Amino acid sequence: MSLDGALQIATGGLANINRQIAVLSQNVSNVNTPDYAREVGTQTSATAGGQGLGVMTGAVQREINLQLQQQLFAQNATVSGLATQSTALAAIDPVQGTPTQGNDLASRLGQLQDAFTSLQADPANAAGQRQVVTAANGLAQQLNALSQAYGTGRQNAQDSLVTDIGTLNQNLTTLSDLTQRITAARQAGLSSADLDNQRDTTMRQTSTLLGVSFIPQANGSMMLATKGGLTLQLQTPAPQFVAPSTVAVQSTFYPAGGIGGITLNGVDVTRALTGGQIGAELTLRDQTLPSYQGALDEFANALNTRLAGQGLQLFTKPAGGTSTVVSTPVQAGYLGYAGSIAVNPSVVSTPSLVRDGNVTVVGSASGGAAFTPNSATGQAGFTGLIQRVIGFSFGAQVQAGVAQSAPATQGLGPDGTLSAPFQPPADLAGFASAIVSSQSSDVSTVSNQLTSETAVQTALQTQLSASSAVNVDTEMSRMVELQNAYGANARIVAAVQAMWTQLMQSVP
Amino acid sequence: MSLFGAMNTAISGLTAQAAAFGNISDNVANSQTVGFKRTDTSFIDFLTTSTAKENTSGAVVATPDYINNVQGTVAQSDNPLALAITGQGFFPVSLATGSVGTGGSAPTFSTLPNYSRTGDFTMNNTGYLVNSAGEYLNGWSVNAASGVVDRNSLAPIQVNQTVYNPVATSAVTLAANLPATPAAGSPVSSQVNVYDGLGTVHTVTLNWTQNAQNDWTVSINAPDDVTSAARGTADVKFGTTSGNGVPDGTIGSLGTATGSITTTSYAAKGAANVTFTSDFGQGAQTITLALGNFGSSTGLTQYAGTTYSLRGLTQDGVPPGSFSSITTKASGDIVVNYDNGQTRTIARVPIITFADPNALQRQNGQAFTATLSSGSAIADDAGTNGAGGLIVGSIEQSNVDIAQEFSKLIVAQRAYSASAKMVTTADDMLQQTIDMKR
């Protein structure tokens with residue numbers, strides 16, 4: 001061991017502290033940066049041939065709990081998916097109306113029923129007849145408004161989907177690029193901590209878009225796996241999804257009805273994308289809103305057929321469905337009927353038809369009893385139709401002792417794959433209430449889930465921050481340690497210098 | 001005679017101390033030279049007459065004492081290619097004698113092997129690793145495919161493999177759970193990315209359909225296949241439904257393969273592989289889909305659940321990559337890194353030891369050559385058979401201790417002054433002798 005060696009070791013010590021203080025200042029400056037995990041410099045003592053040779057500075061490491069981070073990513077997807085659903089359903093909620101204002105579907109139906117009841121007392125009253133037409137018009141408009149809201153919701157979901165796929169592609173490009181640089185840095189034995197922190201930010205952003213997990217590979221590269229079973233190697237050139245072009249989704253559906261799939265390398269991977277905003281948008285576009293629409297169409301059809309079945313064609317007939325699938329779906333004849341239903345123009349021009357009826361019913365054992373409309377010049381106080389409407393159209397039976405045919409709850413929608421989440425009672429009022437209550441219960445369920453899942457997310461976020469975020473107190477005490485160590489090393493340098501001077505003076 | 005003899009002896013002392021002074025000067029001048037080994041001085045006494053009755057003055061001769069086996073200080077360097085030897089041994093290096101080709105792209109090397117501990121290597125413009133003294137680092141070549149080190153020949157290490165050729169996927173390992181109660185209707189689907197011989201990525205879709213409880217059919221589709229997308233189907237049975245004694249939920253049998261698929265048959269703890277052939281335009285490519293082992297829960301399982309969950313997936317194909325950096329390992333391996341995440345070991349640097357390293361012939365540039373007395377060069381892997389270890393990213397400084405040199409300097413100076421005093425005293429005495437005659 002020589003003076004030179006001592007000086008060398010002290011210089012190495014100073015250089016090591018310089019690097020550590022740089023890491024520390026990086027930590028302190030990023031104390032409020034989201035996703036920043038605390039970095040720590042590593043150091044080992046060096047020996048050669050059994051002789052101590054000072055300190056070696058290693059690669060900078062990050063202090064992060066990767067398991068907790070993955071949990072948080074999964075939770076992010078859950079929360080952002082629920083938030084997307086909640087926002088979309090909340091947009092529909094005002095259109096649903098409320099019973100107190102009398103503008104929800106069940107109230108509108110009740111108003112029609114009440115108008116018929118009032119008319120029964122005085123069938124010849126023209127004002128009462130017009131009241132029935134007005135109430136019918138209110139009901140039809142409510143059905144139109146709901147149908148319109150569902151369509152708008154689907155269109156919004158589709159538009160957001162295209163935007164989110166674009167963002168996802170950008171994230172994948174960033175992730176692939178960063179991963180390549182991390183791999184290169186690790187191969188070269190350099191620190192990749194700062195790049196890792198950058199990648200974490202993009203990983204977090206991606207986790208809100210889609211339910212994904214990140215599987216780290218040995219060499220620093222990373223694989224992305226969606227919850228639906230799709231795996232992507234994050235490598236340049238980055239994998240890119242292709243979203244279906246923005247089409248009007250009102251009368252179209254995925255997969256066979258005009259909306260293309262989300263593709264990767266030309267393969268449709270839509271089913272593999274679940275969770276997060278993208279998963280929620282797909283669910284809204286392909287499941288939730290179409291099944292609402294299906295239930296509403298079913299209600300509109302039941303309303304029309306039950307009235308017509310007793311002798312009154314109060315509403316316009318369905319225009320016919322637009323299905324492109326081979327097998328005929330349950331709702332083949334009346335797809336999208338709720339959007340087009342209106343009061344029969346002949347009834348609007350001649351309101352007395354609501355007293356007289358306009359359909360001749362041939363009685364059958366399973367349908368309504370026989371009925372012949374009252375002629376325009378017939379008895380003014382005719383209540384035969386009104387009784388049938390109040391008794392059977394709005395009732396649970398099509399004629400005494402024969403139950404109404406139950407509305408379909410399975411095989412709904414243009415491709416016959418959707419189902420309503422309820423079993424409606426046999427009468428129309430019950431059906432309307434079931435639709436309203438099931439949809440408002442969906443809204444509150446999603447909203448409650450969002451609240452509880454957000455709480456879990458916050459808890460996870462807090463845990464992760466506690467274990468990985470920068471703590472200024474720790475950093476400050478570390479700074480004092482480093483300062484002292486720097487001073488000690490500098491003293492050794494100064495002592496070696498003094499010894500040198502003495503040595504020089506000893507040589508004459 | 002004796003006075004002249006004494007004077008000659010004193011003059012030999014002056015010469016010897018001057019030589020020692022020269023060595024000290026050399027050491028101090030090179031105290032900051034990387035990999036420099038110091039030279040000490042030994043003194044040897046020569047006799048003229050030395051008996052019980054008579055002793056006449058002799059002479060002293062200084063001989064250099066080469067200290068090649070003492071470790072110098074190791075300092076950390078910012079150069080990632082720098083290497084320092086801890087312990088015994090030297091790097092094998094070559095000296096360039098000239099160059100051929102445009103711009104000196106192909107240097108020619110001296111056939112005389114040189115050895116050095118100067119480890120501050122950098123990669124020069126022709127891809128060779130050269131230290132600050134201009135010596136080219138030699139190494140054993142490593143077979144790129146097999147990774148076998150060829151220890152028979154040493155040659156200058158040149159990094160010229162600038163492209164990592166793509167590797168077609170031949171094996172995919174899948175660890176996942178199929179849901180015991182899947183949603184009715186659409187099959188459980190998973191996508192795998194594979195590479196063809198040109199490094200182009202293709203998607204292969206695995207569609208899993210549950211036929212009955214614990215009985216599944218996998219259908220493999222490769223939409224990019226030039227012949228047809230459907231690559232075939234195979235049945236996968238779990239638990240005792242398979243007829244084999246395996247734990248519930250683990251693979252029990254594979255079979256009923258159609259199309260291009262072949263499957264392995266049941267053997268306790270044997271590999272459960274589904275092999276299919278696909279042609280992405282580069283000829284038939286056989287890909288083995290490893291689903292784990294029969295009766296084991298490490299690969300594909302079928303436990304409770306309603307959705308497919310992936311636990312891990314690896315495939316051995318590699319896209320093309322280009323050169324990104326070069327690193328050295330403590331084992332002496334020189335590793336080339338590519339931007340596709342792959343690495344390739346191109347050479348290994350051996351450590352050369354000698355029976356007597358202090359007897360090596362010094363050469364310019366802190367290098368040494370073997371001599372008869374040093375013994376022949378023995379090449380070993382770092383850290384084996386007495387050869388020193390390697391520290392990467394560090395350099396070995398000289399083994400000169402200036403304090404020690406200065407103390408030797410003081411001694412040499414005093415000894416020189418004393419010898420000079422002997423000469424002047426002898427001169428005075430001779431003058432007195434001459435003055436005796438008037």
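Scope of this entry: the structure provided in the associated data block. (Residues numbered from 1 in each chain as written. Chains lettered and ligands numbered in written order. Predicted model: local features only at pLDDT ≥ 70, side-chain atom pairs only at ≥ 80, totals over all residues. Heavy atoms only, no water.)

### Structural notes on the side chain of Gln457 of chain A
Residues and elements named next belong to chain A.
- In this structure, Gln457 sits in helix α11 (residues 428-468).
- Given a relative accessible area of 19%, Gln457 falls into the buried group.
- In this structure the side chain of Gln457 is engaged in a polar contact, spanning 2.6 Å, whose partner is the side chain of Asn76.
- The contact partners of Gln457, leaving out residues within four places of it in the chain, are Leu72, Gln75, Asn76 and Val79. (Helix = DSSP H or I, 4+ residues; strand = E, 2+ residues; numbered from the N terminus. Buried < 20%, exposed > 50% of the residue type's maximum accessible area, 1.4 Å probe, protein only. Polar contact = N/O pair within 3.5 Å; in protein donor to acceptor, adjacent residues only side chain to side chain. Contact = heavy atoms within 4.5 Å.)

### Quick look at the nonpolar core
- One finds Leu105, Leu112, Phe116, Phe299, Leu303, Leu314 and Phe315 of chain A to be the most contacted residues of the largest nonpolar core, which totals 62 residues.
- Of all elements in the fold, only α2 (66-96), α3 (105-121), α4 (126-187), α6 (276-309), α7 (337-340), α9 (353-356), α10 (384-393) and α11 of chain A reach the threshold of two or more residues within this core.
- Not counting chain neighbours up to four residues away, the residues in contact with Phe116 of chain A comprise Val132, Leu312, Leu314, Val354, Ile386, Val389, Ile390 and Phe394 of chain A.
- Within the second largest apolar cluster, 35 residues are counted, among which are Val218, Ile220, Ile251 and Leu291 of chain B. (Core = buried A, V, L, I, M, F, W, Y, C linked by side-chain atoms within 4.5 Å.)

### Some details on the interface of chain A and chain B
- At the interface, 46 residues of chain A touch 53 residues of chain B.
- For the pair chain A and chain B, the summed buried surface comes to about 3,500 Å²; carbon and sulfur atoms form 54% of the total.
- Taken together, chain A and chain B are joined by one salt bridge.
- Here chain A is connected to chain B by eight residue pairs in polar contact (both at pLDDT 80 or more).
- Per-class residue counts for the side of chain A that touches chain B are 22 nonpolar, 19 polar and five charged. (Buried area = accessible area lost by both parts, 1.4 Å probe. Salt bridge = Lys/Arg side-chain N within 4 Å of Asp/Glu carboxyl O. Nonpolar A, V, L, I, M, F, W, Y, C, P; charged D, E, K, R; others polar.)

### A few points about the packing of α4 of chain A against α6 of chain A
All names here are of chain A.
- Between α4 and α6, the least distance of the axes is 9 Å, while the angle of their chain directions is 165°. Between α4 and α6, the angle is such that the two are roughly antiparallel. Judged by the sense of rotation from one axis to the other, the crossing of α4 with α6 is left-handed.
- Looking at side-chain class alone, the contact of α4 with α6 contains 18 nonpolar, six polar and four charged residues. (Axes fitted to C-alpha atoms, helices over the stretch in contact; angles between N-to-C directions. Parallel < 35°, antiparallel > 145°, perpendicular 65-115°, else oblique. Left-handed = near helix turned anticlockwise from the far one by under 90°.)

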